[in-house]
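# Descriptive structure summary
Chain by chain, the residues run as shown.
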Amino acid sequence: MATTTINGQEVTVDDEGFMTNYDQWNEEIGKSLAAAIGVDMTDEHWKVIHFLRDDFKAQGVTPTIRRVSTAGGVDTKRLFTLFPKKPAKKMAYIAGLPKPAGCV
Amino acid sequence: MAANKLRRKLAPNEWEITVVDADDNHRYQPGYLFIPFGTYKPTQVTKSRRKALNKDVPLVYGEIDKVLPEENAVLLTDGRRLDYDVLIIASGVSPRPDQTDGMTGEEWGKSVFEFYTYDGSVALSKALANFDGGRLAINIVEMPIKCPVAPLEFAFLADSYFKDRGIRDKVEMTYVTPLPGAFTKPIAAEAFGNTLEEKGISVEADFMLMEVDNEKKALVSYDEREVPFDLLVTIPLNMGADFVARSGLGNEINLVPVDKFTQQSKQFDNIFALGDANDIPASKAGSVAHFEIDIFVDNFMQYIADKPMSHKFDGHANCFIETGAGKAMLIDFNYDYEPLPGKYPVAGVGPMSLLKQTRINHLGKMAFKWVYWNVLVPGRPMPVGALMSTTGKRTDLIDSK
(Lines give C-alpha, C1' and ligand atoms only; values in the text may rest on other atoms or scores of the structure.)
Protein backbone atom coordinates (compact mmCIF):
# COMPACT_ATOMS: atom_id res chain seq x y z
CA MET A 1 0.00 0.00 0.00
CA ALA A 2 1.42 3.39 -1.00
CA THR A 3 0.66 6.97 -0.14
CA THR A 4 0.30 9.73 -2.68
CA THR A 5 -0.69 13.38 -2.65
CA ILE A 6 -3.73 14.54 -4.60
CA ASN A 7 -4.73 18.21 -4.43
CA GLY A 8 -2.39 18.68 -1.50
CA GLN A 9 -4.09 15.92 0.46
CA GLU A 10 -2.32 12.72 1.38
CA VAL A 11 -4.26 9.57 0.43
CA THR A 12 -3.52 5.85 0.47
CA VAL A 13 -3.72 3.96 -2.81
CA ASP A 14 -3.13 0.40 -4.05
CA ASP A 15 -0.49 -0.49 -6.62
CA GLU A 16 -2.81 0.46 -9.48
CA GLY A 17 -3.63 3.83 -7.94
CA PHE A 18 -7.13 3.00 -6.63
CA MET A 19 -7.81 4.78 -3.35
CA THR A 20 -8.09 2.45 -0.40
CA ASN A 21 -9.67 4.67 2.28
CA TYR A 22 -13.31 5.58 1.62
CA ASP A 23 -13.24 8.59 3.95
CA GLN A 24 -10.23 10.27 2.36
CA TRP A 25 -12.23 11.03 -0.80
CA ASN A 26 -13.93 14.32 -1.65
CA GLU A 27 -15.23 15.82 -4.90
CA GLU A 28 -12.05 17.79 -5.52
CA ILE A 29 -10.02 14.59 -5.36
CA GLY A 30 -12.58 12.90 -7.62
CA LYS A 31 -12.13 15.69 -10.13
CA SER A 32 -8.35 15.31 -10.10
CA LEU A 33 -8.58 11.53 -10.48
CA ALA A 34 -10.98 12.00 -13.42
CA ALA A 35 -8.63 14.49 -15.07
CA ALA A 36 -5.75 12.02 -14.65
CA ILE A 37 -7.58 9.48 -16.83
CA GLY A 38 -8.95 12.02 -19.28
CA VAL A 39 -12.57 12.21 -18.07
CA ASP A 40 -14.17 15.64 -18.04
CA MET A 41 -16.76 15.57 -15.25
CA THR A 42 -20.34 16.73 -15.94
CA ASP A 43 -23.44 16.56 -13.74
CA GLU A 44 -24.27 13.23 -15.33
CA HIS A 45 -20.84 11.86 -14.40
CA TRP A 46 -21.28 13.06 -10.82
CA LYS A 47 -24.66 11.39 -10.56
CA VAL A 48 -23.02 8.08 -11.40
CA ILE A 49 -20.07 8.64 -9.06
CA HIS A 50 -22.35 9.51 -6.15
CA PHE A 51 -24.44 6.42 -6.82
CA LEU A 52 -21.27 4.32 -6.65
CA ARG A 53 -20.21 5.88 -3.37
CA ASP A 54 -23.64 5.56 -1.75
CA ASP A 55 -24.01 1.99 -2.92
CA PHE A 56 -20.55 1.06 -1.69
CA LYS A 57 -21.38 2.50 1.72
CA ALA A 58 -24.58 0.46 1.89
CA GLN A 59 -23.32 -2.80 0.37
CA GLY A 60 -19.62 -2.85 1.16
CA VAL A 61 -18.59 -3.68 -2.41
CA THR A 62 -18.02 -1.67 -5.57
CA PRO A 63 -21.17 -2.07 -7.71
CA THR A 64 -20.94 -3.86 -11.05
CA ILE A 65 -21.87 -2.14 -14.32
CA ARG A 66 -25.13 -4.09 -14.29
CA ARG A 67 -25.93 -2.78 -10.83
CA VAL A 68 -25.14 0.81 -11.80
CA SER A 69 -27.48 0.44 -14.75
CA THR A 70 -30.38 -1.36 -12.99
CA ALA A 71 -30.21 0.19 -9.50
CA GLY A 72 -28.50 3.45 -10.48
CA GLY A 73 -30.66 4.08 -13.54
CA VAL A 74 -27.96 4.89 -16.13
CA ASP A 75 -27.94 2.35 -18.94
CA THR A 76 -24.79 0.48 -19.89
CA LYS A 77 -24.45 2.07 -23.32
CA ARG A 78 -24.48 5.49 -21.68
CA LEU A 79 -21.86 4.41 -19.13
CA PHE A 80 -19.58 3.45 -22.01
CA THR A 81 -20.05 6.95 -23.44
CA LEU A 82 -19.41 8.69 -20.12
CA PHE A 83 -16.45 6.53 -19.13
CA PRO A 84 -15.10 5.22 -22.45
CA LYS A 85 -13.62 1.73 -22.93
CA LYS A 86 -13.51 0.51 -19.33
CA PRO A 87 -16.38 2.10 -17.40
CA ALA A 88 -16.32 -0.28 -14.41
CA LYS A 89 -12.68 0.44 -13.69
CA LYS A 90 -12.85 4.17 -14.47
CA MET A 91 -15.95 4.80 -12.35
CA ALA A 92 -14.42 3.04 -9.34
CA TYR A 93 -11.14 4.91 -9.81
CA ILE A 94 -12.81 8.33 -9.83
CA ALA A 95 -15.15 7.42 -6.95
CA GLY A 96 -12.18 6.44 -4.76
CA LEU A 97 -13.42 2.86 -4.41
CA PRO A 98 -11.65 -0.49 -4.74
CA LYS A 99 -11.30 -1.87 -8.26
CA PRO A 100 -14.41 -3.96 -8.98
CA ALA A 101 -13.68 -7.58 -8.12
CA GLY A 102 -14.50 -8.69 -11.68
CA CYS A 103 -15.87 -11.73 -9.92
CA VAL A 104 -14.41 -15.09 -9.32
CA MET B 1 -26.92 -32.46 0.01
CA ALA B 2 -27.89 -30.03 2.78
CA ALA B 3 -31.13 -31.96 3.36
CA ASN B 4 -29.32 -35.29 3.53
CA LYS B 5 -26.72 -33.97 5.94
CA LEU B 6 -29.24 -32.17 8.14
CA ARG B 7 -31.62 -35.13 8.25
CA ARG B 8 -28.90 -37.20 9.88
CA LYS B 9 -28.12 -34.49 12.44
CA LEU B 10 -31.59 -33.33 13.41
CA ALA B 11 -33.93 -35.29 15.70
CA PRO B 12 -36.85 -36.65 13.62
CA ASN B 13 -39.39 -35.80 16.30
CA GLU B 14 -38.22 -32.16 16.42
CA TRP B 15 -37.52 -31.24 12.80
CA GLU B 16 -39.34 -31.94 9.58
CA ILE B 17 -37.37 -31.32 6.39
CA THR B 18 -39.18 -30.86 3.08
CA VAL B 19 -37.54 -30.35 -0.31
CA VAL B 20 -39.39 -28.60 -3.15
CA ASP B 21 -38.21 -29.20 -6.70
CA ALA B 22 -39.67 -28.95 -10.18
CA ASP B 23 -39.13 -32.56 -11.29
CA ASP B 24 -37.34 -35.82 -10.56
CA ASN B 25 -34.42 -35.22 -12.95
CA HIS B 26 -31.25 -34.53 -11.01
CA ARG B 27 -28.66 -33.55 -13.62
CA TYR B 28 -24.93 -33.99 -13.22
CA GLN B 29 -24.26 -30.51 -14.57
CA PRO B 30 -20.46 -30.90 -14.94
CA GLY B 31 -21.34 -33.53 -17.56
CA TYR B 32 -22.91 -30.92 -19.87
CA LEU B 33 -19.39 -29.94 -20.93
CA PHE B 34 -18.77 -33.40 -22.37
CA ILE B 35 -22.07 -33.95 -24.19
CA PRO B 36 -21.23 -31.68 -27.18
CA PHE B 37 -18.10 -33.74 -27.88
CA GLY B 38 -19.86 -37.08 -27.53
CA THR B 39 -17.76 -38.06 -24.48
CA TYR B 40 -20.93 -38.51 -22.44
CA LYS B 41 -24.25 -39.59 -23.79
CA PRO B 42 -27.17 -37.46 -22.60
CA THR B 43 -28.51 -40.40 -20.58
CA GLN B 44 -25.31 -40.51 -18.52
CA VAL B 45 -25.94 -37.24 -16.70
CA THR B 46 -29.39 -37.84 -15.20
CA LYS B 47 -30.57 -39.70 -12.11
CA SER B 48 -33.64 -39.63 -9.90
CA ARG B 49 -33.76 -36.81 -7.35
CA ARG B 50 -36.01 -38.93 -5.17
CA LYS B 51 -33.45 -41.71 -5.03
CA ALA B 52 -30.64 -39.28 -4.19
CA LEU B 53 -32.57 -37.91 -1.24
CA ASN B 54 -32.80 -39.43 2.24
CA LYS B 55 -36.01 -41.51 2.36
CA ASP B 56 -37.19 -39.59 5.42
CA VAL B 57 -37.19 -36.29 3.53
CA PRO B 58 -40.41 -35.68 1.58
CA LEU B 59 -39.90 -34.31 -1.93
CA VAL B 60 -42.67 -31.99 -3.11
CA TYR B 61 -42.90 -31.54 -6.87
CA GLY B 62 -43.99 -28.05 -7.82
CA GLU B 63 -43.00 -24.62 -8.97
CA ILE B 64 -42.42 -21.88 -6.43
CA ASP B 65 -44.52 -18.79 -6.90
CA LYS B 66 -42.97 -16.83 -4.09
CA VAL B 67 -41.68 -16.76 -0.57
CA LEU B 68 -43.61 -14.71 1.99
CA PRO B 69 -40.76 -13.99 4.39
CA GLU B 70 -42.93 -11.98 6.78
CA GLU B 71 -45.31 -14.94 7.13
CA ASN B 72 -42.62 -17.66 7.04
CA ALA B 73 -44.32 -19.41 4.16
CA VAL B 74 -43.64 -20.58 0.62
CA LEU B 75 -46.40 -20.43 -1.99
CA LEU B 76 -46.42 -22.80 -4.94
CA THR B 77 -47.90 -21.79 -8.28
CA ASP B 78 -50.70 -24.37 -7.88
CA GLY B 79 -51.82 -22.64 -4.68
CA ARG B 80 -50.23 -24.96 -2.13
CA ARG B 81 -48.67 -23.26 0.87
CA LEU B 82 -45.74 -24.58 2.92
CA ASP B 83 -44.99 -22.98 6.28
CA TYR B 84 -41.47 -22.99 7.64
CA ASP B 85 -39.37 -22.13 10.68
CA VAL B 86 -36.20 -21.96 8.61
CA LEU B 87 -35.95 -21.66 4.83
CA ILE B 88 -32.95 -22.73 2.77
CA ILE B 89 -32.86 -21.35 -0.77
CA ALA B 90 -30.70 -23.46 -3.06
CA SER B 91 -32.28 -22.73 -6.42
CA GLY B 92 -28.99 -21.96 -8.17
CA VAL B 93 -28.58 -19.84 -11.29
CA SER B 94 -29.68 -20.44 -14.88
CA PRO B 95 -28.46 -19.16 -18.23
CA ARG B 96 -30.69 -16.38 -19.53
CA PRO B 97 -30.13 -15.82 -23.26
CA ASP B 98 -33.29 -13.67 -23.25
CA GLN B 99 -31.36 -10.97 -21.34
CA THR B 100 -29.07 -10.10 -24.26
CA ASP B 101 -30.41 -8.29 -27.32
CA GLY B 102 -30.56 -10.52 -30.37
CA MET B 103 -29.30 -13.64 -28.66
CA THR B 104 -32.55 -15.58 -29.01
CA GLY B 105 -33.08 -14.20 -32.54
CA GLU B 106 -33.16 -16.06 -35.84
CA GLU B 107 -29.73 -17.63 -35.40
CA TRP B 108 -30.57 -19.17 -32.01
CA GLY B 109 -30.30 -22.92 -32.44
CA LYS B 110 -28.89 -22.47 -35.96
CA SER B 111 -25.48 -20.91 -35.39
CA VAL B 112 -25.90 -19.66 -31.80
CA PHE B 113 -25.71 -22.25 -29.00
CA GLU B 114 -25.05 -22.68 -25.31
CA PHE B 115 -24.10 -25.76 -23.26
CA TYR B 116 -25.22 -24.72 -19.76
CA THR B 117 -28.53 -26.60 -20.01
CA TYR B 118 -29.27 -30.19 -20.82
CA ASP B 119 -31.18 -29.29 -24.00
CA GLY B 120 -28.54 -26.76 -25.01
CA SER B 121 -25.65 -29.20 -24.73
CA VAL B 122 -27.55 -31.87 -26.69
CA ALA B 123 -28.38 -29.36 -29.46
CA LEU B 124 -24.75 -28.21 -29.57
CA SER B 125 -23.49 -31.78 -29.98
CA LYS B 126 -25.40 -31.97 -33.28
CA ALA B 127 -24.20 -28.55 -34.42
CA LEU B 128 -20.56 -29.43 -33.70
CA ALA B 129 -20.83 -32.72 -35.57
CA ASN B 130 -22.06 -30.77 -38.62
CA PHE B 131 -19.43 -28.04 -38.34
CA ASP B 132 -16.74 -28.51 -40.95
CA GLY B 133 -14.74 -25.35 -40.45
CA GLY B 134 -15.03 -21.58 -40.14
CA ARG B 135 -15.04 -19.11 -37.29
CA LEU B 136 -15.94 -20.44 -33.84
CA ALA B 137 -16.48 -17.81 -31.16
CA ILE B 138 -16.69 -18.84 -27.50
CA ASN B 139 -18.22 -16.06 -25.47
CA ILE B 140 -18.94 -15.21 -21.84
CA VAL B 141 -21.62 -12.52 -21.60
CA GLU B 142 -21.04 -11.40 -18.04
CA MET B 143 -19.59 -12.63 -14.76
CA PRO B 144 -20.46 -14.31 -12.47
CA ILE B 145 -21.22 -17.58 -14.23
CA LYS B 146 -21.57 -21.12 -12.99
CA CYS B 147 -18.30 -23.00 -13.17
CA PRO B 148 -16.16 -20.09 -14.40
CA VAL B 149 -13.60 -22.45 -15.93
CA ALA B 150 -16.11 -24.30 -18.14
CA PRO B 151 -15.83 -21.93 -21.13
CA LEU B 152 -12.04 -22.37 -21.09
CA GLU B 153 -12.46 -26.11 -20.90
CA PHE B 154 -14.87 -25.95 -23.80
CA ALA B 155 -12.23 -24.08 -25.84
CA PHE B 156 -9.50 -26.59 -24.97
CA LEU B 157 -11.72 -29.59 -25.69
CA ALA B 158 -12.95 -28.08 -28.96
CA ASP B 159 -9.33 -27.68 -30.05
CA SER B 160 -8.70 -31.41 -29.39
CA TYR B 161 -12.00 -32.38 -30.97
CA PHE B 162 -11.22 -30.56 -34.24
CA LYS B 163 -7.71 -32.03 -34.26
CA ASP B 164 -9.16 -35.52 -33.89
CA ARG B 165 -11.44 -34.82 -36.82
CA GLY B 166 -8.50 -33.52 -38.85
CA ILE B 167 -10.07 -30.09 -39.41
CA ARG B 168 -8.32 -27.97 -36.78
CA ASP B 169 -6.56 -25.93 -39.51
CA LYS B 170 -9.96 -25.01 -40.95
CA VAL B 171 -11.30 -23.61 -37.66
CA GLU B 172 -10.47 -20.15 -36.41
CA MET B 173 -11.17 -20.01 -32.67
CA THR B 174 -11.69 -16.82 -30.64
CA TYR B 175 -12.30 -16.61 -26.89
CA VAL B 176 -14.44 -13.54 -26.24
CA THR B 177 -14.55 -12.50 -22.58
CA PRO B 178 -15.59 -9.48 -20.48
CA LEU B 179 -12.56 -10.15 -18.26
CA PRO B 180 -9.19 -8.49 -18.88
CA GLY B 181 -7.67 -11.93 -19.54
CA ALA B 182 -8.38 -15.65 -19.64
CA PHE B 183 -9.50 -15.87 -16.00
CA THR B 184 -10.45 -13.77 -12.99
CA LYS B 185 -7.34 -14.34 -10.89
CA PRO B 186 -3.95 -13.15 -12.19
CA ILE B 187 -1.66 -16.16 -11.67
CA ALA B 188 -4.22 -18.63 -13.05
CA ALA B 189 -5.14 -16.19 -15.85
CA GLU B 190 -1.54 -16.27 -17.01
CA ALA B 191 -1.39 -20.08 -16.96
CA PHE B 192 -4.70 -20.38 -18.85
CA GLY B 193 -3.74 -17.57 -21.22
CA ASN B 194 -0.57 -19.45 -22.13
CA THR B 195 -2.57 -22.61 -22.74
CA LEU B 196 -4.95 -20.74 -25.08
CA GLU B 197 -1.98 -19.33 -26.95
CA GLU B 198 -0.32 -22.74 -27.27
CA LYS B 199 -3.49 -24.02 -28.85
CA GLY B 200 -3.76 -21.14 -31.27
CA ILE B 201 -6.94 -19.70 -29.75
CA SER B 202 -7.04 -15.92 -29.87
CA VAL B 203 -8.46 -13.89 -26.98
CA GLU B 204 -10.75 -10.87 -27.33
CA ALA B 205 -10.60 -9.43 -23.79
CA ASP B 206 -12.58 -6.69 -22.02
CA PHE B 207 -15.47 -7.45 -24.37
CA MET B 208 -18.78 -6.33 -22.86
CA LEU B 209 -21.42 -7.84 -25.12
CA MET B 210 -24.15 -5.42 -26.20
CA GLU B 211 -25.94 -7.56 -28.77
CA VAL B 212 -25.81 -10.51 -31.11
CA ASP B 213 -26.25 -9.19 -34.64
CA ASN B 214 -28.17 -11.95 -36.43
CA GLU B 215 -27.81 -10.49 -39.90
CA LYS B 216 -24.06 -10.05 -39.78
CA LYS B 217 -23.64 -13.07 -37.49
CA ALA B 218 -21.42 -11.09 -35.16
CA LEU B 219 -20.98 -10.28 -31.49
CA VAL B 220 -21.10 -6.52 -30.93
CA SER B 221 -19.62 -4.92 -27.79
CA TYR B 222 -20.61 -1.69 -26.06
CA ASP B 223 -17.37 -0.12 -27.24
CA GLU B 224 -18.35 -1.07 -30.80
CA ARG B 225 -16.02 -3.93 -31.51
CA GLU B 226 -17.37 -6.78 -33.65
CA VAL B 227 -16.45 -10.44 -33.62
CA PRO B 228 -17.95 -12.31 -36.59
CA PHE B 229 -18.73 -16.01 -36.24
CA ASP B 230 -20.00 -19.02 -38.17
CA LEU B 231 -20.67 -20.84 -34.93
CA LEU B 232 -21.17 -19.09 -31.59
CA VAL B 233 -21.02 -20.93 -28.28
CA THR B 234 -22.10 -18.43 -25.66
CA ILE B 235 -22.43 -18.52 -21.91
CA PRO B 236 -25.50 -16.31 -21.44
CA LEU B 237 -25.99 -14.08 -18.41
CA ASN B 238 -26.51 -16.31 -15.37
CA MET B 239 -29.35 -15.28 -13.07
CA GLY B 240 -30.91 -16.62 -9.89
CA ALA B 241 -34.48 -17.92 -9.88
CA ASP B 242 -37.30 -15.53 -10.74
CA PHE B 243 -39.22 -16.43 -7.56
CA VAL B 244 -36.33 -14.89 -5.59
CA ALA B 245 -37.01 -11.58 -7.34
CA ARG B 246 -40.80 -11.94 -6.93
CA SER B 247 -40.24 -12.45 -3.19
CA GLY B 248 -38.14 -9.30 -2.87
CA LEU B 249 -35.16 -11.37 -1.73
CA GLY B 250 -32.77 -10.83 -4.64
CA ASN B 251 -30.24 -8.36 -6.00
CA GLU B 252 -30.13 -7.16 -9.64
CA ILE B 253 -29.42 -10.67 -10.91
CA ASN B 254 -31.78 -12.42 -8.46
CA LEU B 255 -29.04 -13.60 -6.11
CA VAL B 256 -29.84 -13.59 -2.39
CA PRO B 257 -27.54 -11.21 -0.47
CA VAL B 258 -26.05 -13.16 2.46
CA ASP B 259 -23.29 -12.98 5.03
CA LYS B 260 -20.29 -14.43 3.21
CA PHE B 261 -19.15 -16.51 6.20
CA THR B 262 -22.49 -18.05 7.28
CA GLN B 263 -24.76 -17.70 4.19
CA GLN B 264 -27.48 -16.20 6.39
CA SER B 265 -29.74 -13.75 4.54
CA LYS B 266 -28.94 -10.12 5.26
CA GLN B 267 -32.69 -9.41 5.38
CA PHE B 268 -34.18 -12.33 7.32
CA ASP B 269 -32.40 -14.30 10.04
CA ASN B 270 -34.33 -17.50 9.34
CA ILE B 271 -33.45 -17.63 5.65
CA PHE B 272 -30.19 -19.08 4.34
CA ALA B 273 -29.13 -19.25 0.69
CA LEU B 274 -26.66 -21.96 -0.29
CA GLY B 275 -24.67 -22.63 -3.43
CA ASP B 276 -25.05 -20.56 -6.58
CA ALA B 277 -28.25 -18.89 -5.29
CA ASN B 278 -26.35 -16.56 -2.94
CA ASP B 279 -24.14 -13.56 -3.67
CA ILE B 280 -20.91 -14.53 -1.88
CA PRO B 281 -17.75 -13.43 -3.67
CA ALA B 282 -16.69 -16.99 -4.46
CA SER B 283 -16.88 -19.05 -7.63
CA LYS B 284 -20.26 -20.46 -8.54
CA ALA B 285 -19.01 -24.01 -8.49
CA GLY B 286 -20.13 -27.35 -7.12
CA SER B 287 -17.01 -27.52 -4.98
CA VAL B 288 -17.93 -24.23 -3.31
CA ALA B 289 -21.43 -25.50 -2.52
CA HIS B 290 -19.96 -28.68 -1.11
CA PHE B 291 -17.42 -26.98 1.15
CA GLU B 292 -19.96 -24.32 2.11
CA ILE B 293 -22.54 -26.89 3.18
CA ASP B 294 -20.02 -28.68 5.41
CA ILE B 295 -19.53 -25.42 7.30
CA PHE B 296 -23.22 -24.50 7.13
CA VAL B 297 -24.39 -27.69 8.84
CA ASP B 298 -22.18 -26.97 11.86
CA ASN B 299 -23.41 -23.38 11.97
CA PHE B 300 -27.02 -24.49 11.62
CA MET B 301 -26.78 -26.68 14.72
CA GLN B 302 -25.59 -23.62 16.66
CA TYR B 303 -28.27 -21.42 15.11
CA ILE B 304 -31.14 -23.66 16.24
CA ALA B 305 -29.59 -23.88 19.71
CA ASP B 306 -29.67 -20.06 19.86
CA LYS B 307 -25.88 -19.89 19.95
CA PRO B 308 -23.75 -17.58 17.79
CA MET B 309 -22.61 -19.25 14.55
CA SER B 310 -18.87 -19.66 15.06
CA HIS B 311 -17.79 -21.43 11.84
CA LYS B 312 -16.67 -19.27 8.97
CA PHE B 313 -16.78 -20.38 5.35
CA ASP B 314 -13.63 -19.15 3.57
CA GLY B 315 -14.85 -19.25 -0.05
CA HIS B 316 -12.91 -22.45 -0.75
CA ALA B 317 -13.19 -23.72 -4.32
CA ASN B 318 -11.38 -26.27 -6.35
CA CYS B 319 -11.93 -27.01 -10.00
CA PHE B 320 -10.54 -29.39 -12.55
CA ILE B 321 -9.93 -27.83 -15.94
CA GLU B 322 -9.93 -30.21 -18.88
CA THR B 323 -7.22 -29.07 -21.27
CA GLY B 324 -7.80 -31.66 -23.99
CA ALA B 325 -5.86 -34.73 -25.15
CA GLY B 326 -6.55 -36.58 -21.90
CA LYS B 327 -5.00 -33.98 -19.63
CA ALA B 328 -6.36 -31.55 -17.07
CA MET B 329 -5.29 -28.78 -14.72
CA LEU B 330 -6.49 -28.27 -11.17
CA ILE B 331 -6.95 -25.06 -9.17
CA ASP B 332 -7.63 -24.58 -5.45
CA PHE B 333 -8.44 -21.16 -3.97
CA ASN B 334 -10.58 -19.11 -1.56
CA TYR B 335 -11.65 -15.54 -0.65
CA ASP B 336 -8.10 -14.56 0.31
CA TYR B 337 -5.84 -16.71 -1.85
CA GLU B 338 -5.91 -16.89 -5.62
CA PRO B 339 -5.11 -20.23 -7.32
CA LEU B 340 -1.42 -21.07 -6.86
CA PRO B 341 0.87 -23.81 -8.12
CA GLY B 342 1.57 -26.71 -5.74
CA LYS B 343 0.23 -30.18 -4.96
CA TYR B 344 -3.25 -31.34 -3.90
CA PRO B 345 -4.79 -32.66 -1.69
CA VAL B 346 -1.63 -33.64 0.22
CA ALA B 347 1.00 -30.88 0.37
CA GLY B 348 4.22 -31.78 -1.44
CA VAL B 349 2.82 -35.17 -2.47
CA GLY B 350 -0.34 -34.70 -4.48
CA PRO B 351 -1.00 -36.91 -6.36
CA MET B 352 -2.59 -34.03 -8.23
CA SER B 353 -0.68 -30.95 -9.42
CA LEU B 354 -2.10 -27.45 -9.20
CA LEU B 355 -2.02 -25.22 -12.30
CA LYS B 356 -0.26 -27.87 -14.41
CA GLN B 357 -1.58 -30.05 -17.21
CA THR B 358 -1.34 -33.69 -16.13
CA ARG B 359 -2.93 -37.04 -16.91
CA ILE B 360 -3.63 -37.66 -13.19
CA ASN B 361 -5.69 -34.47 -12.97
CA HIS B 362 -7.77 -35.66 -15.92
CA LEU B 363 -8.37 -39.03 -14.26
CA GLY B 364 -9.39 -37.12 -11.14
CA LYS B 365 -11.91 -35.13 -13.14
CA MET B 366 -13.42 -38.21 -14.77
CA ALA B 367 -13.54 -40.06 -11.43
CA PHE B 368 -15.33 -37.10 -9.93
CA LYS B 369 -18.66 -38.14 -11.49
CA TRP B 370 -18.64 -41.23 -9.27
CA VAL B 371 -17.66 -39.15 -6.24
CA TYR B 372 -20.50 -36.73 -7.02
CA TRP B 373 -23.23 -39.36 -7.06
CA ASN B 374 -21.86 -41.60 -4.34
CA VAL B 375 -20.27 -39.25 -1.84
CA LEU B 376 -21.39 -35.64 -2.31
CA VAL B 377 -25.09 -35.89 -3.09
CA PRO B 378 -25.78 -38.44 -0.34
CA GLY B 379 -23.89 -36.09 2.01
CA ARG B 380 -21.16 -38.53 3.01
CA PRO B 381 -17.89 -37.07 4.31
CA MET B 382 -15.14 -36.27 1.77
CA PRO B 383 -11.53 -36.92 2.73
CA VAL B 384 -10.51 -33.34 1.85
CA GLY B 385 -10.80 -30.32 4.12
CA ALA B 386 -13.70 -27.89 3.75
CA LEU B 387 -11.39 -24.95 4.46
CA MET B 388 -8.51 -24.20 2.08
CA SER B 389 -4.92 -24.92 3.04
CA THR B 390 -1.90 -22.90 1.88
CA THR B 391 0.57 -25.62 2.90
CA GLY B 392 2.79 -26.66 0.00
CA LYS B 393 1.62 -23.82 -2.23
CA ARG B 394 3.74 -21.16 -3.89
CA THR B 395 2.40 -18.21 -1.86
CA ASP B 396 5.61 -16.33 -2.72
CA LEU B 397 4.19 -15.81 -6.24
CA ILE B 398 1.51 -13.46 -4.92
CA ASP B 399 3.97 -10.75 -3.93
CA SER B 400 5.99 -11.10 -7.11
CA LYS B 401 2.93 -10.08 -9.13
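Residues numbered from 1 in each chain as written. Chains lettered and ligands numbered in written order. Predicted model: local features only at pLDDT ≥ 70, side-chain atom pairs only at ≥ 80, totals over all residues.

## Side note on the interface of chain B and chain A
- The partner chain A presents 13 residues to the 15 residues of chain B that form the contact.
- For the side of chain B that touches chain A, a count of residues per class yields 9 nonpolar, 2 polar and 4 charged. (Contact = placed C-beta atoms within 7 Å. Nonpolar A, V, L, I, M, F, W, Y, C, P; charged D, E, K, R; others polar.)

## A short note on the sheet that holds strand β14 (residues 209–213) of chain B
All names here are of chain B.
- Across the sheet, 3 strands lie side by side as β14-β15-β16; this open sheet has antiparallel pairing. Because the sheet does not close on itself, it has two edges, and the strands there are β14 and β16 (226–228). Pairs of neighbouring strands in the sheet enclose a mean axial angle of 20°, with direction left out of account.
- Two elements, β14 and strand β15 (residues 218–221), share 4 bridges in a ladder whose sense is antiparallel. When the sheet's bridge partners are listed, L209 is paired in β15 with S221. (Pairing = 2+ DSSP bridges. Helix = DSSP H or I, 4+ residues; strand = E, 2+ residues; numbered from the N terminus. Axes fitted to C-alpha atoms, helices over the stretch in contact; angles between N-to-C directions.)

## With respect to the pairing of strand β20 (residues 317–324) of chain B
All names here are of chain B.
- Across the 8 residues that make up β20, a large majority, 8, are buried.
- Strand direction decides the pairing type here: β20 and strand β21 (residues 327–333), joined by 7 bridges, are antiparallel. Across the sheet, residue N318 finds its bridge partner in β21, namely D332.
- Adjacent in sequence and paired antiparallel, β20 and β21 are bridged by 2 residues, among which A325 carries a positive phi angle near 50°. (Buried ≥ 20, exposed ≤ 12 C-beta atoms within 10 Å, placed from the backbone.)

## A word on the domain arrangement of chain B
Residue and element names in this part refer to chain B.
- Domain parsing of chain B yields domain 1 (2–22 + 62–92 + 241–304), domain 2 (97–238) and domain 3 (317–400).
- Computed from C-alpha atoms alone, the centre-to-centre distance between domain 1 and domain 3 is 27 Å.
- Taken together, the 12 residues of domain 1 in the interface contact 8 residues of domain 3.
- Among the elements of the structure, α1 (2–9) and α7 (286–304) are those that each provide at least two residues to the side of domain 1 that touches domain 3.
- In terms of residue count, α7 provides more of the side of domain 1 that touches domain 3 than any other element does, 6 residues in total.
- Residues belonging to the side of domain 1 that touches domain 3 are distributed by class as follows: 6 nonpolar, 4 polar and 2 charged. (Domains from an automatic or database assignment.)

## Overview of the confidence of the model for chain B
- Averaged over all residues, the pLDDT of chain B equals 93, while 99% of them reach at least 70.
- Scored by ipTM, the complex comes to 0.80, with pTM at 0.90. (pLDDT = per-residue confidence, 0-100.)

## What about the pairing of strand β1 (residues 2–6) of chain A?
Residues and elements named next belong to chain A.
- Of the pairings in the sheet, the one linking β1 to strand β2 (residues 9–13) comprises 5 bridges and is antiparallel in character. Counted as the bridge partner of T4 is V11 from β2.
- Taking the residues between adjacent antiparallel strands as the criterion, β1 and β2 are bridged by 2 residues, where N7 takes a positive phi near 50°.

## Brief notes about the packing of α1 of chain B against α7 of chain B
Residue and element names in this part refer to chain B.
- Running from N to C, α1 and α7 point in directions that differ by 35°, and their axes come no closer than 10 Å. α7 is crossed by α1, and the crossing has right-handed handedness. On the side of α1, the interface is formed by A2, K5, L6 and K9, while α7 contributes I293, F296, V297, F300 and M301.
- Of the residues that constitute the contact of α1 with α7, the class distribution is 7 nonpolar, no polar and 2 charged. (Left-handed = near helix turned anticlockwise from the far one by under 90°.)

## Re the nonpolar core
- By size, the foremost hydrophobic cluster in this structure holds 104 residues, and its most contacted members are A2, L274 and I331 of chain B.
- At 8 residues, helix α4 (residues 150–164) of chain B tops the list of elements feeding residues into this core.
- In this structure A2 of chain B touches I88, A90, L274, I293 and F296 of chain B, once residues within four positions along its chain are discounted.
- Ranked by size, the runner-up nonpolar core spans 19 residues in total, among them I6, V48, M91 and Y93 of chain A. (Core = buried A, V, L, I, M, F, W, Y, C linked by C-beta atoms within 7 Å.)

## Quick look at α7 of chain B
- The terminal C-alpha atoms of α7 of chain B, which comprises 19 residues, lie 26 Å apart, in line with the 27 Å expected from a rise of 1.5 Å per residue.
- The positive-phi residue at the C-terminal boundary of α7 of chain B is D306 of chain B, with phi of around 60°. (Expected span 1.5 Å × (residues − 1).)

## Some thoughts on the sheet that holds strand β7 (residues 81–83) of chain B
All names here are of chain B.
- If you walk across this open sheet you meet the 3 strands as β5-β6-β7, and the pairing is antiparallel. Each end of this open sheet is capped by a strand with a single partner; those strands are β5 (64–68) and β7. Shown here is a sheet whose adjacent strand axes are inclined to one another by a mean of 20°, direction ignored.
- Bridge count for β5 against strand β6 (residues 73–76) is 4 bridges, and the pairing is antiparallel.

## Thoughts on α1 of chain B
- By the burial criterion, the buried members of α1 of chain B are A2, A3, N4 and L6 of chain B.
- Contacts made by the buried residues of α1 of chain B are with β1 (19–21), β8 (87–89) and α7 of chain B.

## Digging into the environment of G134 of chain B
- One can find G134 of chain B in strand β11 (residues 134–140).
- Exposure remark for G134 of chain B: the 14 C-beta atoms within 10 Å place this residue in the partly exposed category.

## Let's talk about the packing of helix α2 (residues 43–59) of chain A against helix α5 (residues 87–94) of chain A
Residues and elements named next belong to chain A.
- Relative to each other, α2 and α5 sit at 75°, their axes nearing to 9 Å. In terms of axis orientation, α2 runs roughly perpendicular to α5. Contacts from V48, I49 and L52 in α2 reach M91, A92 and I94 in α5.
- Of the residues in the contact of α2 with α5, the class split is 6 nonpolar, no polar and no charged. (Parallel < 35°, antiparallel > 145°, perpendicular 65-115°, else oblique.)

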